[in-house]
Amino acid sequence: MASAEAAGATVEAARAIGPREGEGRRALITGLRGFTGSYLARELAAAGYRVFGTVLPDGANEVFSADVFATDIFAADLLDRAAVDGVVEQVRPDVAVHLAGIACVAHGDAEQIYRVNVAATRNLLEALAASPHAPSSVLLASSANIYGNAQAGLIDESVAPRPANDYAVSKLAMEYMASLWMDKLPIVIARPFNYTGVGQSDSFLLPKIVAHFRRGASCIELGNLAIARDFSDVRMVAGSYRRLLAAAPAGQAFNVCSGRSHSLASVLRMMEEIAGYRIEVRVKPALVRANEVLTLAGDNTRLAAAIGALAPIPLADTLRWMYGS
């Protein structure tokens, strides 16, 4: 299996493309300074795109503040229809990737989850559909959480959705809403399973675990140790998004995943090996969520058929990268 250095070097791989797929083309990324947006900006810039991006006017939810990988930054609240229209009119994107949204399952404001994840997406699609410069591909980031507690071993895109929380329902509602625009726009739906990497907030599970080991903590409080997730490296996810934009398989949904799940207990064992010591784990009842999705593991067969062979980065390599950064 490829090492993190080989399989994760998506930017270097993009530079090897000839002619570069994005040469002379303009890419719009909403949520540019978020965790995923920063990596995707690097990926698209290396493939030759001129990258534009939106950020919130107040700077909320920013992970990376540097504008190195974007030519133009637009401060715009996507709930403001006029602001969204203005951005699309100025950028005239050839491709668009919608990453902006509430990404935390435990976010406490349900009304805000639905407004941001559904209404703001609609504003963007409406603006893109009205633009005289038609994009060749519009990628919307949904979530594998829409599958809920599916009983399938490996979940493929034909598995019926069973969302188990407001975040998952909002993402499924976004997909249904987007279907109303598929006769007007070349929309591709990405359903990423869990992914991580350098720069992800410590409020997410794996960065929290890595942070405890980096500072040599003697104990850590966690929730249900039996949960298992299909964890990918953010660099693989960014590379998959770029390749989906190039392939433009309009009207389809794609699982973006490694095809293998890891329990929380196995992640702890990996980190103990990387850090060279054992940590005491205390199960905190408050961290055990109601309606917890116990196992999520994805089938990436459709994705590979659309964009070519995948090279998932081993989770242990991703954890080493995070631990050493």
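These figures come from a predicted structure and were not determined experimentally.

Criteria and thresholds
- Residues numbered from 1 in each chain as written.
- Predicted model: local features only at pLDDT ≥ 70, side-chain atom pairs only at ≥ 80, totals over all residues.
- Heavy atoms only, no water.
- Phe/Tyr/Trp six-rings, centres within 6.5 Å; stacked < 30°, edge-to-face > 60°.
- Helix = DSSP H or I, 4+ residues; strand = E, 2+ residues; numbered from the N terminus.
- Buried < 20%, exposed > 50% of the residue type's maximum accessible area, 1.4 Å probe, protein only.
- pLDDT = per-residue confidence, 0-100.
- Contact = heavy atoms within 4.5 Å.
- Salt bridge = Lys/Arg side-chain N within 4 Å of Asp/Glu carboxyl O.

Caption draft 1: The packing of aromatic side chains, seen in detail. Within the structure shown, the criterion is met by 5 aromatic pairs. Ring centres 5.8 Å apart and planes at 80° place the aromatic pair phenylalanine 35 and tyrosine 39 in the edge-to-face group. With phenylalanine 35 and tyrosine 39 both in helix α3 (residues 35–46) and 4 residues apart, this pair spans about one turn of that helix. The exposure class of phenylalanine 35 is buried, given its relative accessible area of 11%. Tyrosine 39 gets classed as buried once you look at its relative accessible area, which sits at 11%. Taking the centre distance of 6.1 Å and the plane angle of 75° together, the rings of tyrosine 39 and tryptophan 321 count as edge-to-face. Separated by 282 residues along the polypeptide, tyrosine 39 in helix α3 and tryptophan 321 in helix α11 (residues 315–324) bring together distant segments of the chain.

Caption draft 2: Representation of the confidence of the model for the chain in the model. For the chain, the average pLDDT comes to 89, and 86% of its residues sit at 70 or higher. Segment residues 1–18 is flagged for pLDDT under 50; beyond a separation of four residues in sequence, or across chains, it makes 27 contacts in the model.

Caption draft 3: Structural context of helix α7 (residues 205–214). For α7, the tally of buried residues reaches 7 of 10 residues, placing the bulk of the element in the interior. Regarding α7, the residues found buried are Leu206, Pro207, Ile209, Val210, Ala211, His212 and Phe213. Buried positions along α7 lie against β7 (195–196), β8 (219–222), α9 (264–275) and α11.

Caption draft 4: Looking closely at the side chain of asparagine 300. Relative to the helices and strands, asparagine 300 resides in the loop between β14 (295–296) and α10 (301–307). Excluding anything up to four places from it in sequence, asparagine 300 contacts Asn255, Cys257, Ser258, Gly259 and Leu310.

Caption draft 5: Highlighting the pattern of salt bridges. This structure, assessed with the given rule, holds 14 salt bridges. Close ionic contact of arginine 302 with glutamate 157 constitutes a salt bridge, the shortest N to O distance being 3.8 Å. Residue arginine 302 is found in helix α10, and its partner glutamate 157 is found in the loop between β5 (137–141) and α6 (166–179); the two are separated by 145 residues along the sequence. For arginine 302, a relative accessible area of 33% translates into the label partly exposed.

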